[in-house]
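Coordinate analysis (summary)
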Amino acid sequence: MTTNPESAFSAFSAFSAFSAFSAFSSQSAFSAFGAPGGGENPMLADAFMTNRDGIVGARLDQIGNVQPGVRNDPRTLKRLSPAVRAAIYQAELGPSVDVSFEQEGDTPTATLWRRSEVKGSNRRVDYDSLVAMTGPTIEQLTCQLDLVAGYAQIRPDRAAEVLTQVAAPAPFFSTIGFIDPGRTPYTLEFLFTALGFGSALIQRMKFALSVKRPIEFSPQIQPMIPTPTHGSLPSGHATEAFLMARLIWKLMLHSNAPQYSDKAYWGEMLMRLASRIATNRTVAGVHFPIDSAAGAVLGCTMAEHVYNQCCGGDWWSSDFNGPNFDENDDFDWHKIYDAKDDRMKKKAASRHGVWASAKKHDPSGEAFSPVLAWLWEKALDEWQDHEPCNETA
């Protein structure tokens, strides 16, 4: 996943099974430009120069009335390239959060803060905890290693999934929802905007907590894929999978399309897929189950935050307290999220205490982003059913 706002949509390459957005080149009359920037083909540049010499006069004719551009208006977004829109989306989402770190003894805590600007004669910024995440102990991870070793037995069955999910696992969600560059281009923009935003935050949380990988505990784990250099918790794949699953689920729910009215059916299936993607990283030998639990908490909370930045209204915060997670437990998303009601559960506890909690907050008064609202509406429209036309005699 890329963290560069200017190239946030390079994440579309992860959707290579659909040649995401490259389909436009075959449909565009300007595909002859070749280079993404347009006009950088030397032969074409030379042709443009000789063409101008042949049709343009010696002096400029009278210029007509030119109106100023419509400034800072979401209506102009549709005229921009996806890469330019990506930069604008990230400029809207990026300042909405901040990250801090503290440590008490051997227990590190990283906090993702929700940043809200209170506008008025004197502008100020307020910070509220969005996700507080405390890392597990070495003793917990040592116990969790038995689960990692057990999952290694099913690597031959999961190998194809594991290998194709090394990049962002976006294509797998097209097996549940109708996601295709030709049919849902703005849904793809929306999802990869969220992933581009999340990528930097995931890495910052990992860096702060610095949780060791399974390969550092035993030479018998022998992962089936190279172990990433960054920390183990929270799992980036789990975070991304649950972020995407919940945002797709929100699009389905808000579309009011009748086929998605059985909430226990569609939402459950999306979460099962996210959970399988997360668990496959444990199968591969590069993550502990507790990493997936932390990633699911972070991903679900970030999905709510992205939606809030698009539409306003209530917002949710969550906490993940790693030391209270039962070291013998596997990952189970049902403990933290209710798909039927699209709500995070208030608490998840083990014999050690509460390891995950979530809380709803009233709207804080700041306006949502008109730019992100435009993107949400464009994506939502792709999920809504059209009413039949009334035929007249």
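Scroll up to find the structure this text is about.
Residues numbered from 1 in each chain as written. Predicted model: local features only at pLDDT ≥ 70, side-chain atom pairs only at ≥ 80, totals over all residues. Heavy atoms only, no water.

Notes on the nonpolar core
When a protein is soluble and globular, its nonpolar side chains tend to lie buried together. Spelled out, the test is: Think of a nonpolar core as a cluster: buried Ala, Val, Leu, Ile, Met, Phe, Trp, Tyr and Cys residues, connected wherever their side-chain atoms sit within 4.5 Å. A simple rule labels every residue: compare its accessible area, found with a 1.4 Å probe on the protein chains alone, to the largest value its type can have, and call it buried under 20%, exposed over 50%, or partly exposed in between. Put simply, DSSP H or I for four residues or longer makes a helix, DSSP E for two residues or longer makes a strand, and each gets a number counted from the N terminus. For this analysis, residues touch if any pair of their heavy atoms sits within 4.5 Å.
Counting residues in hydrophobic clusters, the biggest one holds 88 residues, and the most contacted among them are Leu-112, Met-133, Phe-173, Phe-190, Phe-320 and Tyr-337. For this core, the leading source of residues is helix 7 (residues 185–209), giving 13 residues. Once residues within four sequence positions are removed from consideration, Phe-173 is found in contact with Ile-179, Ala-241, Met-244, Ala-245, Ile-248, Leu-270, Leu-273 and Ile-277.

What about the packing of aromatic side chains?
For clarity, the threshold we go by: Working definition: a ring pair exists when centres of Phe, Tyr or Trp rings (six-membered ring for Trp) sit within 6.5 Å. Plane angles under 30 degrees give stacked, over 60 give edge-to-face, the rest tilted. Here, over-ring charges are defined by two tests on the NZ atom of lysine or the CZ atom of arginine: distance to the ring centre within 6 Å, and angle to the ring normal within 35 degrees.
Counted under the stated rule, the structure contains 11 aromatic pairs. Here the aromatic rings of Tyr-265 and Trp-266 are separated by 5.9 Å at their centres, their planes lie at 65°, and the arrangement is edge-to-face. Among the aromatic residues, those joined into a cluster by ring pairs are Tyr-260, Tyr-265, Trp-266 and Trp-383. The ring of Trp-315 has Arg-114 lying over it, and the distance from NZ or CZ to the ring centre is 4.4 Å. Here the basic side chain of Lys-250 rests over the ring of Tyr-307, its NZ or CZ set 4.7 Å away from the ring centre.

Describing the environment of Ser-129
Take Ser-129: it is sitting in strand 3 (residues 124–134). Each C-alpha atom, one on Ser-129 and one on Trp-316, is 9.7 Å from the other, the two residues being 187 residues apart in sequence. Among all residues touching Ser-129, those that are not within four sequence positions of it are Thr-111, Leu-112, Trp-113, Trp-315 and Ser-317.

Focus: helix 3 (residues 82–93)
What counts, and what does not: For a helix, the expected span equals 1.5 Å multiplied by the number of residues minus one.
With 12 residues, helix 3 ought to run about 16 Å at 1.5 Å a step, and its terminal C-alpha atoms sit 16 Å apart, in line with that. Listing the buried residues of helix 3 in full gives Arg-85, Ala-86, Ala-87, Tyr-89, Gln-90 and Leu-93.

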